Amino acid sequence: MKVIVIGGGAAGFFGAITCAQVNPAAEVILLEKTNKLLAKVLVSGGGRCNVTHNCFSPGPLSQHYPRGAKPLKEAFKTFGAQETVTWFEQRGVKLKTEADGRMFPVTDNSQTIADCLLQEARKAGVTIKTGVGVSRITPPDATINQVNFIVHLSNGSEIKADKVLVSTGGNPKTTGYDWLRELGHPIQEPVPSLFTFNVPGNPLKELMGVSVPQAKVRIAGQKLEYEGPLLVTHWGYSGPAVLKLSAWGARIFHDQNYNFTALINWIPTYSEETLRTELQNYRQAHPKKVVSTNPLFNLPQRLWKALTALAEIQPETKWAELPAKNTNKLVEALLRMAVEVKGKTTFKEEFVTCGGIDLSQVNMKTMESRLHPGLYFAGEVLDIDGITGGFNFQAAWTTGYLAGNAMAAKL
């Protein structure tokens, strides 16, 4: 039995390794169009590779996927984060958990993960070919007595295969899916996910590098909001609060051409009522303190000073002298600081798309096409994407494992 795996990323490798290990008699060939294997594995997590997330229950784990949550919940019962940790540890790669739940190899080096996958592929007998692109796939056709898939290579040659796994990753351009549309598979249009907000008129531009551990970012006129660490950058705003919000709102932001108003709440544990009470109490306790130089709520000094300037509070104003209108403006700046977002920036070298192969035509227990038996999909080529934190890799391991297992079954 010949199995062709198209795409040398996380999902492709996991599918190829699983298939070859479960069925040693299968001839498994992995094709990668570039000369770089596991490129995303190597750059992810700042070169440390965020392998998965410390979330070992299928239900809660699936809730980190803006698209694909429901079918993944079932898939994670077969191969979830715990199985991923065990898989790597059984092969000598120990993982550690950081405070925010992200899991990395203890070496803090993504090469450790890439080397493990390459070694396992070689041990399992997977043939790896780089610089080999695929232009199209012709499925079996009983009417002309064609029993195999024909994988057409970019150099004009062909390979016959009994089973094919497509794990070519997400593509920013809709044309990147044309060769799969030819197979009759509906495609959810790709749009970017996981990006930072560009704010050309950022009132806090001078605070580049300032961060807070907990802020809430809400989109005006939408139900979209996310809470988490927030970072001020020279182009706008980043950090998990923005990145995760960008994933949940990917299609909405795309439809708005990335022009919208974001409202930043710097102290999400306070309501307007409790905030006003707190400010009043502080004013009574410290009437002679200068407002702008005595930060409250554990906010960084520079951020507090900038927010008081936004509230038009004069630099030397003491709490006892603070007019009511400036108190109101300070409340607004703390709870609902409005920024006009105009555009986005890709997060580091990582590129995640929402969109891809419509899940309705894929058996999510086996990752097999409902249109062409013997054709499988895994990874970001599917309309599945997670928020930042190791979730996209977990989807790659899971779908790759399910596909590999299913392909290993004898014909």
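Residues numbered from 1 in each chain as written. Predicted model: local features only at pLDDT ≥ 70, side-chain atom pairs only at ≥ 80, totals over all residues. Heavy atoms only, no water.

Q: For the side chain of T308, give the residues involved together with the corresponding values.
A: Residue position: T308 is located in helix α11 (residues 301-310). For T308, a relative accessible area of 1% gives the class buried. Apart from residues no more than four positions distant in its own chain, T308 is found in contact with V291, S292, I313 and L330. (Helix = DSSP H or I, 4+ residues; strand = E, 2+ residues; numbered from the N terminus. Buried < 20%, exposed > 50% of the residue type's maximum accessible area, 1.4 Å probe, protein only. Contact = heavy atoms within 4.5 Å.)

Q: Mind laying out the pairing of strand β5 (residues 102-105), listing which residues take part and the relevant values?
A: In the sheet, strand β3 (residues 52-53) pairs with β5 via 2 bridges, with the strands oriented antiparallel. Across the sheet, residue H53 finds its bridge partner in β5, namely R102. Here 3 bridges tie strand β4 (residues 95-97) to β5, and the two strands are oriented antiparallel to one another. When the bridges of β5 are listed, K96 appears paired with F104. With antiparallel pairing between neighbouring strands as the criterion, β4 and β5 make up a hairpin whose turn holds 4 residues, including G101 at a positive phi of roughly 95°. (Pairing = 2+ DSSP bridges.)

Q: Just give me the short version of the sheet that holds strand β17 (residues 337-342), but keep the residues and values in it.
A: In space, the 7 strands of this open sheet follow the order β17-β16-β13-β14-β15-β12-β18, with antiparallel pairing throughout. Two strands close off the open sheet at either side, each with one partner strand: β17 and β18 (344-346). Between one strand axis and the next, the sheet turns by 40° as a mean value, whatever way the strands run. In terms of strand pairing, strand β12 (residues 195-198) meets strand β15 (residues 236-238) through 2 bridges, oriented antiparallel. Along β15, the bridge assignment pairs F197 with Y237. Here helix α8 (residues 240-248) sits on the sheet in contact with β12, β13 (211-219), β14 (225-232) and β15, set at roughly 135° to β14. (Axes fitted to C-alpha atoms, helices over the stretch in contact; angles between N-to-C directions.)

Q: Help me get a handle on the environment of T346, residues and values and all.
A: Structurally, T346 can be placed in strand β18. Separated by 43 residues in the primary sequence, T346 and G389 have C-alpha atoms spaced 16 Å apart.

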